[in-house]
Amino acid sequence: MAELTGDLLDRRAIRLAEEAADRDEAIRRCGEALVDTGAVHPGYVETMLARERSVSTYVGEGVAIPHGTLAGKDLVHRDALAVLRFPAGVDWGGQPVTVCVAIAARGDGHVELLASLAEILLDADRARALREATEPEDVLALLVPAPEDSNR
Amino acid sequence: MATRTVTVGSASGLHARPAALFVAAAGAAPVRVTIRTGEKRAVPANSMLSVLSLGAKQGTEVVLEADGEGAEATLDSLADLLARDLDAEEPADV
């Protein structure tokens, strides 16, 4: 059932009890999850920090989508996502962030998934469910578009 | 109703940095602007989540619409922004 994200979102890259003192540390934690699952070269993390300094990746509803700059694309081994939850929140340039959906992308295969994420966040109930998720299964159930009999 | 049909020019599509720049420009416009892709309903162009939900990639056609004074000029500048490859402009533009 997780076919669609199966390739993109490794279960080991879903980390729901993270802590970070500030935005940079949160981004480094996100980068580590992508490095640990073999999605990116460690150098990619610096390009994620550079991107954030250029334009905030905060998208709303307590969610940010850290990712590297275009220059970092060569450091991506495969397109992948990581979902990190910071229950205590992280100050993201004045906005409180609870969930980071980190992105490693060479192509545009993740765009549909980002679109699904945005649809979820536009729905107040599902946005809250994502912020409060404590099990990887909860996150997969939310992010993976279910067939016909949607379990929303 | 002013309308512009534009092909997204940014390499990474209409998300990430290009989306952030577009949403900021739409938010600063004097009129309310909507954006849609062919099969989806129009959404507010000044909402990051709404724009992301379109899932527009490089080469996707999007339609901008606005009403009122300044609508034509606003859409001209937003259409120009969308058509450019904002990713390619990254180092000089921030």
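One can find the structure itself at the top, above this paragraph.
So, a few notes on the structure that sits alongside this text. As the structure is a prediction and not an experimental result, all values here were calculated from the model. (Residues numbered from 1 in each chain as written. Chains lettered and ligands numbered in written order. Predicted model: local features only at pLDDT ≥ 70, side-chain atom pairs only at ≥ 80, totals over all residues.)

With respect to the overall build of chain A
Point 1. On a plain count of helices and strands, chain A comes out with six helices and five strands.
Point 2. Secondary structure elements of chain A, listed N to C terminal, follow the sequence α-β-α-α-β-β-β-β-α-α-α.
Point 3. Taking 152 residues into account, the globule formula puts the C-alpha radius of gyration at 15 Å, and chain A, at 14 Å, falls close to it.
Point 4. Its C-alpha atoms give chain A principal-axis dimensions of roughly 40 × 30 × 25 Å.
Point 5. Across the 152 residues that make up chain A, the buried fraction comes to 47%.
Point 6. Within chain A, counting contacts between residues at least 6 apart in sequence, those at least 24 apart form 69% of the total. (Helix = DSSP H or I, 4+ residues; strand = E, 2+ residues; numbered from the N terminus. Rg over C-alpha atoms; globule rule 2.2 N^0.38 Å. Buried ≥ 20, exposed ≤ 12 C-beta atoms within 10 Å, placed from the backbone. Contact = placed C-beta atoms within 7 Å.)

Details of the pairing of strand β5 (residues 95-104) of chain A
All names here are of chain A.
Point 1. The element β5 is extensively covered by neighbouring structure, given that eight of its 10 residues are classed as buried.
Point 2. For strand β3 (residues 63-64) and β5, the ladder comprises two bridges, and the chain directions are parallel. When the sheet's bridge partners are listed, V63 is paired in β5 with V99.
Point 3. Across nine bridges, the pairing between strand β4 (residues 80-92) and β5 is antiparallel. From the neighbouring strand, V83 faces β5, where its bridge partner is V101.
Point 4. As consecutive antiparallel partners, β4 and β5 are separated by two residues, and within that stretch G93 has a phi angle of approximately 60°, a positive value. (Pairing = 2+ DSSP bridges.)

Notes on helix α3 (residues 71-83) of chain B
Residue and element names in this part refer to chain B.
Point 1. Taking 1.5 Å of rise per residue, 13 residues should cover 18 Å, and α3 covers 18 Å from first to last C-alpha, within 8% of that figure.
Point 2. Turning to α3, its buried residues are A71, T74, L75, L78 and L82. Looking straight down α3, one finds its buried side chains confined to an arc of 90°; they lie on one side.
Point 3. Contacts from the buried residues of α3 go to β1 (2-7), α1 (16-28), β2 (33-37) and β4 (61-66). (Expected span 1.5 Å × (residues − 1). Arc of directions from axis to C-beta.)

Examining the nonpolar core
Point 1. Residues L34 and L81 of chain A are the most contacted members of the largest nonpolar core, which totals 76 residues.
Point 2. Among residues more than four places away in sequence, those in contact with L81 of chain A are L8, L9, A13, V101, A102, I103, H110 and L113 of chain A. (Core = buried A, V, L, I, M, F, W, Y, C linked by C-beta atoms within 7 Å.)

A look at the packing of helix α2 (residues 23-36) of chain A against helix α3 (residues 44-54) of chain A
Residues and elements named next belong to chain A.
Point 1. At a minimum axis separation of 9 Å, α2 and α3 run at an interaxial angle of 145°. Considering only the axes of α2 and α3, their crossing is right-handed. On α3, the residues touching R23, D24, I27, R28, C30, G31 and L34 of α2 are Y44, V45, M48, L49 and E52.
Point 2. Of the residues belonging to the contact of α2 with α3, the class tally is seven nonpolar, one polar and four charged. (Axes fitted to C-alpha atoms, helices over the stretch in contact; angles between N-to-C directions. Left-handed = near helix turned anticlockwise from the far one by under 90°. Nonpolar A, V, L, I, M, F, W, Y, C, P; charged D, E, K, R; others polar.)

Quick look at the sheet that holds β4 of chain A
All names here are of chain A.
Point 1. In space, the five strands of this open sheet follow the order β1-β4-β5-β3-β2, with mixed pairing throughout. Strand pairing shows two members of the sheet lacking a second neighbour, β1 (9-15) and β2 (58-60), which therefore form its edges.
Point 2. In terms of strand pairing, β2 meets β3 through two bridges, oriented antiparallel. Across the sheet, residue G60 finds its bridge partner in β3, namely V63.

Nothing here speaks to function; it is all geometry.
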